[in-house]
Amino acid sequence: MHLFETLRAEARAAPESGIVAVMNHGRARDGMIPLWAGEGDQPTPAFIADAASRALAGGETFYTWQKGIPEVRQALSHYYERHFGRSFAPEEFILTGSGMHAIQLALDAVAGKGDEVIYLSPAWPNFAAAAGISGAVPVPVVLDLTDNTGSWGWSCDVEKIAAAITTRTRAIFVNTPSNPTGWTADHETLRAILELARARNLWIIADEIYALFHYDGGRAPSFIDVMRDDDRILFVNSFSKNWSMTGWRVGWIKTHPSLQQVFENLIQYSTSGVAQFMQRGAVAALDQGDAFVSGQVAHARQARDLVCDILGRTGRARFAVPPGAFYLFFSIDGLSDSRAAAFDIVDHANVGLAPGTAFGAGGEKFLRLCFLRRLDQLEEAATRIADWTRRL
């Protein structure tokens with residue numbers, strides 16, 4: 001018997017990342033413009049890195065608070081008060097070893113083998129894969145894509161979520177603003193999802209990592225705006241996007257304070273906590289990073305408009321201008337296999353894009369472009385893609 005066959009079925013079935021497959025194909029090429037990953041091209045700002053360096057040099061290298069040092073949890077409380085207009089006690093925040101870790105812990109808490117979790121698709125592939133590895137069954141509900149007199153838009157039909165609920169459903173995963181589509185739920189949609197979850201006794205796992213990357217004025221609508229204190233909502237988030245900290249692998253969960261011990265226990269039996277010197281960097285990000293984030297969002301708006309203009313002028317690219325996040329999810333007339341197209345664009349345009357097939361149901365004919373990059377680089381990349389479309 002092969003060793004592979006002795007592993008758990010869920011581990012054997014874990015899919016290869018369709019994004020990483022394209023990255024591995026093209027990452028070493030000279031002149032490659034890499035727009036495939038969900039990160040910008042700015043390194044972590046110095047005020048964050050310096051805070052971590054000082055703590056490291058000062059000997060903050062021992063075991064620490066598994067749920068996060070008091071300073072970082074207090075800083076998260078202040079961050080939410082500034083940006084979401086509500087006061088939350090520090091006890092409502094648990095620091096995790098990345099946003100992905102936060103999602104895994106949320107799944108561990110609410111769903112197990114044979115349970116079903118609903119998510120909105122096209123979607124960042126890691127959630128569905130993580131659910132499958134845990135033994136749960138991920139159930140996609142495809143967002144609607146409408147074309148109103150040439151203007152595309154993504155929307156969520158809550159009745160489709162209701163129709164997907166079974167006796168085994170335990171949770172609904174909602175990522176808004178969305179990776180990859182940029183779809184952003186309005187308050188009416190959030191209320192409808194929340195009312196459905198209340199009526200059916202379901203948890204909501206709310207991924208609002210891109211809440212500040214919102215281009216219609218202020219931060220995006222949030223479940224925080226419509227929830228009660230006792231609602232079954234687990235908020236999962238990360239330091240990665242706002243503060244250019246993707247490589248740090250630090251995130252958080254916001255939950256009801258009565259669940260603090262449960263999640264501290266889950267931290268104990270997974271990572272046993274985030275390194276304290278990294279937490280010092282996280283405190284600096286929260287306390288001193290608002291101006292940096294505002295600059296990132298302003299730049300992303302310019303970048304979005306530039307890319308949409310260049311690709312829109314081809315007459316062949318179809319997309320909804322994203323109101324949130326920092327991705328353009330677009331199709332091209334005549335393109336039916338986005339995975340093959342992503343490899344071909346690497347080979348012939350030297351631009352790295354993520355294939356829509358990686359994002360599940362509803363994404364098959366699309367490509368994802370991350371536009372949180374330098375404007376001159378984006379202009380060159382979009383021009384190369386536009387030239388490539390003429391070959392179809």
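Going by the structure above, here's the rest.
Heads up: these notes are all about the structure in this document. The shown structure was predicted, so the numbers you read here are calculated from the model rather than taken from an experiment.

Rules and cut-offs
Residues numbered from 1 in each chain as written. Predicted model: local features only at pLDDT ≥ 70, side-chain atom pairs only at ≥ 80, totals over all residues. Heavy atoms only, no water. Phe/Tyr/Trp six-rings, centres within 6.5 Å; stacked < 30°, edge-to-face > 60°. Buried < 20%, exposed > 50% of the residue type's maximum accessible area, 1.4 Å probe, protein only. Lys NZ or Arg CZ within 6 Å of the ring centre and 35° of its normal. Helix = DSSP H or I, 4+ residues; strand = E, 2+ residues; numbered from the N terminus. Expected span 1.5 Å × (residues − 1). Arc of directions from axis to C-beta. Contact = heavy atoms within 4.5 Å. Polar contact = N/O pair within 3.5 Å; in protein donor to acceptor, adjacent residues only side chain to side chain. 1 Å grid on protein atoms, 1.4 Å probe; cavity = no way out; pocket = protein on both sides within 12 Å on 5 of 7 lines; lining within 4 Å. Points joined across faces, edges and corners; volume = space filled by probe spheres on them. Axes fitted to C-alpha atoms, helices over the stretch in contact; angles between N-to-C directions. Parallel < 35°, antiparallel > 145°, perpendicular 65-115°, else oblique. Left-handed = near helix turned anticlockwise from the far one by under 90°. Nonpolar A, V, L, I, M, F, W, Y, C, P; charged D, E, K, R; others polar. Salt bridge = Lys/Arg side-chain N within 4 Å of Asp/Glu carboxyl O. Pairing = 2+ DSSP bridges. Core = buried A, V, L, I, M, F, W, Y, C linked by side-chain atoms within 4.5 Å.

**A few points about the packing of aromatic side chains**
1) Next: Taken as a whole and judged by the stated rule, the model has 19 aromatic pairs.
2) Next: Residues tyrosine 80 and phenylalanine 88 carry aromatic rings whose centres are separated by 6.0 Å and whose planes lie at 90 degrees to one another, so their mutual orientation is edge-to-face.
3) Next: Classification of phenylalanine 88 as buried rests on a relative accessible area of 5%.
4) Next: Between the aromatic rings of phenylalanine 326 and tyrosine 327, the centroid separation amounts to 5.0 Å while the plane-to-plane angle is 45 degrees, which identifies the pairing as tilted. For the residue pair phenylalanine 326 and tyrosine 327, the accessibility class agrees, reading buried in each case.
5) Next: The rings of Tyr79, Tyr80, Phe84, Phe88, Phe93, Phe239, Trp243 and Trp252 are connected pair by pair, giving a single aromatic cluster.
6) Next: When the ring centre of phenylalanine 4 is taken as origin, the NZ or CZ atom of arginine 12, which lies over that ring, is 5.9 Å away.

**Details of helix H3 (residues 46-57)**
1) Next: Under the 1.5 Å per step criterion, the end-to-end length of H3 is 16 Å for 12 residues, consistent within 8% with the ideal 16 Å.
2) Next: Within H3 the residues assigned to the buried category are Ile48, Ala51, Ala52 and Ala55. Taken end-on, H3 shows its buried residues confined to a sector of 95 degrees, consistent with a single buried face. Exposed and oriented more than 90 degrees from the buried face of H3 are Arg54 and Ala57.
3) Next: At its buried positions, H3 is contacted by helix H10 (276-288).
4) Next: With its phi angle positive at about 90 degrees, glycine 59 sits one or two positions after the end of H3.

**Digging into helix H2 (residues 18-26)**
1) Next: Along H2, the residues classified as buried are Gly18, Ile19, Ala21, Val22, Met23 and Gly26.
2) Next: One side-chain oxygen of the residue at the start of H2 lies 3.2 Å from the amide nitrogen of isoleucine 19, identifying that residue as serine 17.

**Remarks on empty space enclosed by the protein**
1) Next: With the rule as written, the count across this model stands at 1 cavity of 30 Å³ or more.
2) Next: Taken as a whole, the largest cavity encloses approximately 60 Å³ of empty space.
3) Next: Forming the walls of the largest cavity are Leu120, Pro122, Ala123, Trp124, Leu143, Phe173, Val174, Asn175, Ser178, Asn179 and Trp183.

**Details of the packing of helix H5 (residues 99-110) against helix H6 (residues 125-134)**
1) Next: Here H5 crosses H6 at 40 degrees, and the two axes come no closer than 10 Å. The angle between H5 and H6 places the two elements in the oblique class. Seen from above, H5 lies across H6 with right-handed handedness. Of H6, the residues touching H5 (which contributes Met100, Ile103, Gln104 and Leu107) are Asn126, Phe127, Ala130 and Ala131.
2) Next: Considering only residue class, the contact of H5 with H6 consists of 6 nonpolar, 2 polar and no charged.

**Comments concerning the pattern of salt bridges**
1) Next: Under the definition given, this model contains 23 salt bridges.
2) Next: Between arginine 8 and glutamate 10 there is a salt bridge, with its nearest N and O atoms 3.2 Å apart.
3) Next: Here arginine 8 falls in the partly exposed class, since its relative accessible area comes to 46%.
4) Next: The partner of arginine 228 in a salt bridge is aspartate 230, and the shortest N-O contact between them spans 3.4 Å.
5) Next: The partly exposed category is assigned to arginine 228, whose relative accessible area is 45%.
6) Next: The network of salt bridges with shared partners includes Arg198, Arg228, Asp230 and Asp231.

**Some points on the sheet that holds strand S7 (residues 169-175)**
1) Next: Overall, mixed pairing links the 7 strands, which are arranged S2-S10-S9-S8-S7-S3-S4 in an open sheet. In this open sheet, the two edge strands, each paired with only one partner strand, are strand S2 (93-96) and strand S4 (137-142). Neighbour to neighbour, the strand axes of the sheet diverge by 25 degrees on average, direction disregarded.
2) Next: Judged from the 4 bridges that link them, S2 and strand S10 (residues 251-254) form a sheet pairing that is antiparallel. Looking across to S10, one finds that leucine 95 is bridged to tryptophan 252.

**Regarding the side chain of serine 244**
1) Next: Relative to the helices and strands, serine 244 resides in the loop between strand S9 (233-238) and S10.
2) Next: The residues touching serine 244, leaving out its near neighbours within four places in the chain, are Gln42, Pro43, Thr44, Pro45, Phe239, Phe292 and Gln296.

**Regarding the nonpolar core**
1) Next: Residues Phe223, Phe239, Trp243, Phe330, Leu369 and Phe371 are the most contacted members of the largest nonpolar core, which totals 107 residues.
2) Next: The leading source of residues in this core is helix H11 (residues 290-312), at 8 residues.
3) Next: Filtering out sequence-adjacent residues up to four positions away, phenylalanine 371 remains in contact with Tyr215, Ala300, Ala303, Arg304, Val307, Pro322, Ala325, Phe326, Tyr327, Leu328 and Leu378.

**A few points about the sheet that holds strand S15 (residues 366-370)**
1) Next: A sheet is described by the order of its strands in space; here 4 strands give the open sequence S11-S12-S15-S14, paired in antiparallel fashion. The sheet terminates laterally at strand S11 (317-319) and strand S14 (354-355), the two strands that pair on one side only.
2) Next: Inspection of the sheet shows S11 paired to strand S12 (residues 327-332) by 3 bridges, in the antiparallel sense. The residue of S12 that forms the bridge with alanine 317 is isoleucine 332.
3) Next: The strands touched by helix H12 (residues 338-349) within the sheet are S14 and S15, with S15 carrying the most contacts at an inclination of about 45 degrees.

Read these as spatial facts, not as claims about activity.
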